[in-house]
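Chains, contacts and geometry: an overview
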Amino acid sequence: MTSLTEIPLTTLDGRPTSLADYQDRAVLVVNVASKCGLTPQYTALQKLAEDYADRGLTVIGVPCNQFMGQEPGSPKEIAEFCSTNYGVTFPLLAKTAVNGDDRHPLYARLTEAADADGQAGDVQWNFEKFLLAPGGKVVNRFRPTTAPDAAEVIEAIEAVLPG
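Residues numbered from 1 in each chain as written. Predicted model: local features only at pLDDT ≥ 70, side-chain atom pairs only at ≥ 80, totals over all residues. Heavy atoms only, no water.

The chain is annotated in an unreviewed UniProt entry as Glutathione peroxidase from Mycolicibacillus trivialis.

See below:
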């Protein structure tokens, strides 16, 4: 089975990448959307990215338009929205399907992970969070309404920071 770090990904601006670029870091992968009631979570995600960057955390946003069409924009529009409204500097991937027949291989693997209640399976909504330890192993899954700066998220991040 292909490891998570070997799955080919594409950045929002069309460049090839993979989680191997971050294998020495903890990574928080979040499916994001610009027109969602949870969109203000971008503020806390950006703060996490800034506060923990030097300690080995990378936040990666994955735009997704599968939930009521809440991420309709082009890559340029998404980048502009995130930068202008939330000062986002963390990496954003290309718009991605997280559920269904067209689910990206990254999400096919991420959704095998269970949340705190032991539930795996489909992403429930925008802003579902997957925490990966250095090396690419999924160690936590947080559902959309769990804020990025919730105590359990911070505690989980701090537990897997390298060094």
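From N to C terminus, the chain includes 4 helices and 6 strands. Reading the helices (α) and strands (β) of the chain from amino to carboxyl end gives β-β-β-α-β-α-α-β-β-α. Taking 2.2 N^0.38 as the reference for a compact globule, 163 residues should give roughly 15 Å; the C-alpha atoms of the chain span a radius of gyration of 14 Å, in line with that estimate. If one aligns the C-alpha atoms of the chain with their principal axes, the spans along those axes are about 35 × 35 × 30 Å. Scored against the burial criterion, the 163 residues of the chain give a buried share of 50%. (Helix = DSSP H or I, 4+ residues; strand = E, 2+ residues; numbered from the N terminus. Rg over C-alpha atoms; globule rule 2.2 N^0.38 Å. Buried < 20%, exposed > 50% of the residue type's maximum accessible area, 1.4 Å probe, protein only.)

Core analysis: the largest hydrophobic core is formed by 30 residues, its most contacted members being Leu28, Leu45, Leu57, Val59, Phe90 and Ile157. Every element with two or more residues in this core is listed here: strand 3 (26–32), helix 1 (41–52), strand 4 (57–63), helix 2 (75–86) and helix 4 (151–160). Once residues within four sequence positions are removed from consideration, Ile157 is found in contact with Leu48, Tyr52, Leu57 and Leu131. Within the second largest apolar cluster, 21 residues are counted, among which are Val27, Val29, Phe130 and Val138. (Core = buried A, V, L, I, M, F, W, Y, C linked by side-chain atoms within 4.5 Å. Contact = heavy atoms within 4.5 Å.)

Over the atoms, a rolling probe the size of a water molecule traces out where space has been left empty. What the largest pocket holds in volume is close to 200 Å³. Lining the largest pocket, in full, are Thr11, Leu12, Asp13, Arg15, Ala79, Cys82, Ser83, Val88, Thr89, Phe90, Pro91 and Leu92. Classifying every residue of the lining of the largest pocket by side-chain character gives 7 nonpolar, 3 polar and 2 charged. (1 Å grid on protein atoms, 1.4 Å probe; cavity = no way out; pocket = protein on both sides within 12 Å on 5 of 7 lines; lining within 4 Å. Points joined across faces, edges and corners; volume = space filled by probe spheres on them. Nonpolar A, V, L, I, M, F, W, Y, C, P; charged D, E, K, R; others polar.)

On to empty space enclosed by the protein. Going through the model one piece at a time under the given rule, you end up with 1 cavity of 30 Å³ or more. Lining of the largest cavity is provided by Thr5, Leu19, Tyr22, Gln23, Arg25, Val27, Leu132, Ala133, Pro134, Gly135 and Gly136. Split by residue class, the lining of the largest cavity holds 6 nonpolar, 4 polar and 1 charged.

Inspection of helix 4 places Val153, Ala156, Ile157 and Val160 among the buried residues, and these make up the whole buried set. Down the axis, helix 4 shows its buried residues gathered within 100° of arc, on one side only. Of the exposed residues in helix 4, those oriented more than 90 degrees away from the buried face are Ala151, Glu155 and Ala159. Each element contacted by the buried residues of helix 4 is listed here: strand 3, helix 1, strand 4, strand 5 (129–132) and strand 6 (138–142). (Arc of directions from axis to C-beta.)

On to the pattern of salt bridges, then. Side chains that differ in sign of charge can pair as their charged atoms come close. Inspection of the entire model under this criterion finds 8 salt bridges. The shortest N-O distance in the salt bridge between Asp122 and Arg103 comes to 2.7 Å. Of this pair, Asp122 sits in the loop between helix 3 (105–110) and strand 5 while Arg103 sits in the loop between helix 2 and helix 3, placing them 19 residues apart in sequence. Exposure remark for Asp122: the relative accessible area of 43% places this residue in the partly exposed category. When the shortest N-O distance is used, the salt bridge between Arg141 and Glu128 registers 2.7 Å. Remark: Glu128 occurs in the loop between helix 3 and strand 5 and Arg141 occurs in strand 6; sequence separation between them is 13 residues. (Salt bridge = Lys/Arg side-chain N within 4 Å of Asp/Glu carboxyl O.)

Take the sheet that holds strand 4 next. Spatial strand order, 4-3-5-6: 4 strands in an open sheet with mixed pairing. Both edges of this open sheet fall to strand 4 and strand 6, since each of them pairs with a single strand only. With direction set aside, neighbouring strand axes in the sheet form an average angle of 20°. As judged from the 4 bridges shared by strand 3 and strand 5, these two strands associate in the antiparallel manner. Residue Leu28 lies in a different strand from strand 5, and its bridge partner there is Leu131. (Pairing = 2+ DSSP bridges. Axes fitted to C-alpha atoms, helices over the stretch in contact; angles between N-to-C directions.)

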